[in-house]
Amino acid sequence: MTLRTMLLRRLVISVPLLIGILFFTFMLVRLGGQDPVGLLAGPTATAEEIDIVRAELGLDKPLFTQFWIYLGNIVQGDIGKSWISNRSVLLDILERIPITLELLFWGVALGSVIGVPVGLRAAFRHDKWFDQISRGISLLGFSIPTYFLGLVLLFVFFFLLGWSPPGMGRVSLLISPPPTITGSYLIDGLLAGDWSVARSALAQLILPVIAVAIISAAPIVKHTRAIALEVMSSDFVRFARASGLPPKKVSRIVLRNSSTPVATFIGTEITGLIGSVSLIEYVFAWGGAGQYGLNAIIRGDFSAVQGYVLFLAIFSLVVFILVDLLVLVLEPRAAAE
Amino acid sequence: MTLLRVKDLHTHFISRNLDNEIRIATALNGVSFELSRGEVLGLVGETGAGKSLTAYSIMNLLKPPARVVGGTVEFDGRNLRDLQSDDMNSLRGSEIAMVVQNPRSSLDPLTRIGEQLVRVHTAHSDATAATARARAVEILGSVGIPAPEERMQAWPHELSGGMAQRVLIAMALMNEPKLIIADEPTTGLDVTVQAQILDLLRELVETRNVAVMIITHDLGIVAHYCQRMAVMFAGRIVETGNVNSVFDNPAHPYTRTLIDATPERLRDLKHKVHGGGAPPNLYNLPTGCHYVERCRFADDVCNDPVAMEEVGAAHFAMCSHISAVRDGWLS
Ligand SMILES: Nc1ncnc2c1ncn2[C@@H]1O[C@H](COP(=O)(O)OP(=O)(O)OP(=O)(O)O)[C@@H](O)[C@H]1O
Ligand code: SF4
Ligand SMILES: [Mg+2]
């Protein structure tokens with residue numbers, strides 16, 4: 001399979017899927033019972049005033065017409081205006097994407113750095129104490145509600161121990177943010193050579209990153225273990241042993257053959273993690289796209305919710321394409337198909 | 001000279017059920033046979049008889065819950081069951097080589113053929129990579145792979161089943177083994193390729209004086225390519241002898257059923273062994289002869305322990321009613 005056919009295939013599947021998802025959220029939001037017109041016009045508005053606001057927002061037209069107009073606007077790059085911030089949703093989300101990605105990236109990176117070796121070791125020590133213990137702990141990781149995990153971390157490390165700054169944003173309130181280059185305060189602070197900003201940004205990052213890491217590590221441990229065990233019981237590993245290859249070489253064969261499925265799993269996991277990350281963002285007042293989306297849902301900000309869903313869909317698409325590319329690089333078989 | 005002597009080998013699967021009671025599947029129950037250099041032994045028997053398990057028990061490559069619980073495996077004067085795992089590992093792939101079923105899934109999918117050949121050689125010798133490569137190309141050619149130099153660069157998924165099987169044989173030859181265990185080396189290949197591969201194995205026996213054990217379902221292969229055969233049933237060898245002697249004058253009712261089921265098709269190499277009837281339950285085998293539930297000669301005596309008996313020149317069978325069987329088969 002060449003790169004081009006792969007990308008084409010992904011896109012052909014994605015466009016109808018995207019329209020479907022948009023339609024679904026469009027309807028869901030509108031039938032959800034929240035009337036933004038009432039909220040916007042204020043409690044003292046007369047019926048006439050409400051009608052005027054409704055017409056301004058285009059909400060007086062039939063639903064399908066609204067959807068049609070909405071799709072047309074998207075094609076032109078206009079995904080609507082937030083009724084809360086009164087700004088373009090596109091701008092709102094674009095400036096928040098790096099903020100979410102920073103948290104997601106470090107969280108999943110840490111989760112993988114812990115989860116993959118633990119999963120591998122559990123597989124190699126199959127049914128020994130290490131395996132049992134890591135299975136128990138990862139089960140714990142599965143069963144903690146995300147929101148609760150964030151609160152517990154804050155309670156222990158900020159309130160009880162005082163090791164961590166309060167969970168209020170990405171940099172201490174007393175420090176002014178660095179000039180925006182990448183959107184990550186940590187990196188921008190480093191780039192600007194402003195150590196106090198970088199240090200504060202790092203301190204703020206630690207707890208939410210740990211929370212995301214814990215949530216992502218549990219499934220990574222479980223799947224890495226399962227994948228490695230499956231590879232170990234494969235014909236080719238048995239044959240490698242029957243050929244008398246040294247145990248180290250056999251282990252290397254197991255590792256190499258596990259790498260693609262593990263990487264694929266982590267990639268797919270990332271797309272599923274966004275929901276949990278939104279909650280973590282909420283707890284730590286992180287202010288990224290996740291928190292923005294959650295806020296929009298709570299307040300019935302239609303365009304913002306749809307923008308958020310659009311972001312999620314495109315984000316997944318990009319991640320899947322990256323995973324495909326990775327597989328193409330790692331696997332001679334995939335390249336040949 | 002005897003190269004491999006397997007004596008009274010017992011292999012069990014030991015596990016616990018949900019009530020935490022120990023359950024034992026007695027999969028090998030005293031397997032004994034011998035194999036000399038320059039000889040081809042055919043091990044036949046229906047699915048689940050324990051043929052592959054015998055091979056993996058010899059190689060010391062069992063996966064839990066399987067475990068060898070008794071018996072000895074003597075190879076070239078050493079008792080393999082006493083070897084340290086390092087020593088056993090250096091024996092595998094060099095002195096004892098295996099050619100396994102499913103050749104395509106047995107090659108490492110992420111490594112080129114050449115590299116796989118090279119690494120079995122360098123794992124067992126001080127040869128440089130360059131020497132190993134040269135040797136690999138030569139051996140690939142000698143097992144009938146066209147354009148071996150280019151094949152070295154091939155990925156496993158690019159090979160056909162027959163080609164992959166040849167590559168496995170080439171891997172087995174990289175280190176001049178004394179014994180080759182071929183576990184269903186030709187299953188799933190078409191008849192011509194099958195014959196080519198078996199001819200190749202036979203040639204090795206003649207030119208390099210190796211010993212070969214062919215595990216197969218196929219009595220035709222045994223008749224054509226083996227000097228001696230062993231018939232396996234429920235983890236025991238129930239009859240063994242020279243191929244001619246066993247085919248001409250089978251003593252065990254199970255062997256007879258196998259042969260009777262296939263006489264006219266022995267030549268076309270296609271026939272699969274099916275003795276008929278359900279396989280015995282390994283968790284609860286009969287106390288005497290394992291074949292008792294399917295045997296038309298069975299009586300009370302058959303529930304007493306049975307032993308190997310000499311029934312002809314170097315020809316043995318494990319049955320308490322050999323003369324009755326020989327007299328009564330046709331009636
Ligand atoms: N985990 C297990 N627990 C109990 N019994 C098992 C287990 N795994 C395999 N067995 C049994 O071990 C026996 C021996 O299997 P083996 O693979 O040696 O058969 P085989 O003669 O090679 O058959 P085939 O011709 O199908 O390859 C089988 O009867 C099988 O049911
Ligand atoms: S011992 Fe009895 S049951 Fe077993 S094969 Fe002989 S006659 Fe049949
Ligand atoms: Mg088998």
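Look a little higher up for the structure.
Below is a short write-up of the structure.

The rules we used
Residues numbered from 1 in each chain as written. Chains lettered and ligands numbered in written order. Predicted model: local features only at pLDDT ≥ 70, side-chain atom pairs only at ≥ 80, totals over all residues. Heavy atoms only, no water. Near = heavy atom within 4 Å. Nonpolar A, V, L, I, M, F, W, Y, C, P; charged D, E, K, R; others polar. Pairing = 2+ DSSP bridges. Helix = DSSP H or I, 4+ residues; strand = E, 2+ residues; numbered from the N terminus. Axes fitted to C-alpha atoms, helices over the stretch in contact; angles between N-to-C directions. Contact = heavy atoms within 4.5 Å. Polar contact = N/O pair within 3.5 Å; in protein donor to acceptor, adjacent residues only side chain to side chain. Areas by Shrake-Rupley, 256 points an atom, 1.4 Å probe, with all protein chains shown as cover. Parallel < 35°, antiparallel > 145°, perpendicular 65-115°, else oblique. Left-handed = near helix turned anticlockwise from the far one by under 90°.

Considerations on the site of ligand 2
Line of reasoning, step 1. Taken together, H252(B), P253(B), C289(B), Y291(B), V292(B), C295(B), F297(B), A298(B), C302(B), C319(B), S320(B) and H321(B) form the complete shell of residues around ligand 2.
Line of reasoning, step 2. Within the shell around ligand 2, the residues separate by chemical class into nine nonpolar, three polar and no charged.

With respect to the sheet that holds strand β3 (residues 40–44) of chain B
Residue and element names in this part refer to chain B.
Line of reasoning, step 1. The strand order across the open sheet built from eight strands is β6-β7-β8-β3-β9-β10-β12-β11, with neighbouring strands paired in mixed fashion. If you trace the sheet from one side to the other, it starts and ends with β6 (96–99) and β11 (309–312), each paired once. On average, each strand axis in the sheet is inclined to that of its neighbour by 20°, with strand direction left out of account.
Line of reasoning, step 2. Helix α11 (residues 253–260) rests against β9 (228–233) and β10 (236–242) of the sheet, and its axis sits at about 110° to β9.

Some details on the site of ligand 1
Residue and element names in this part refer to chain B.
Line of reasoning, step 1. Taken together, 14 residues form the shell around ligand 1, and within it G48, K51, S52, L53 and H217 come nearest.
Line of reasoning, step 2. Contacts to ligand 1 include T47, whose side-chain N or O atom sits 3.3 Å from an oxygen atom.
Line of reasoning, step 3. In this structure, an oxygen atom belonging to ligand 1 sits 3.3 Å away from a side-chain N or O atom of E184.
Line of reasoning, step 4. Protein chains bury 65% of the 650 Å² of accessible surface belonging to ligand 1 in isolation.
Line of reasoning, step 5. In terms of residue count, helix α1 (residues 51–59) provides more of the shell around ligand 1 than any other element does, three residues in total.
Line of reasoning, step 6. Among the residues making up the shell around ligand 1, the classes are represented as six nonpolar, five polar and three charged.

Thoughts on the packing of helix α1 (residues 3–31) of chain A against helix α13 (residues 302–330) of chain A
All names here are of chain A.
Line of reasoning, step 1. Interhelical geometry of α1 versus α13 gives an angle of 160° and a closest axis separation of 10 Å. Here α1 lies roughly antiparallel to α13, going by the angle between them. Crossing geometry of α1 relative to α13 is assigned as right-handed.
Line of reasoning, step 2. The residue inventory of the contact of α1 with α13, partitioned by class, reads 19 nonpolar, three polar and three charged.

Function cannot be inferred from these measures alone, as they are strictly geometric.
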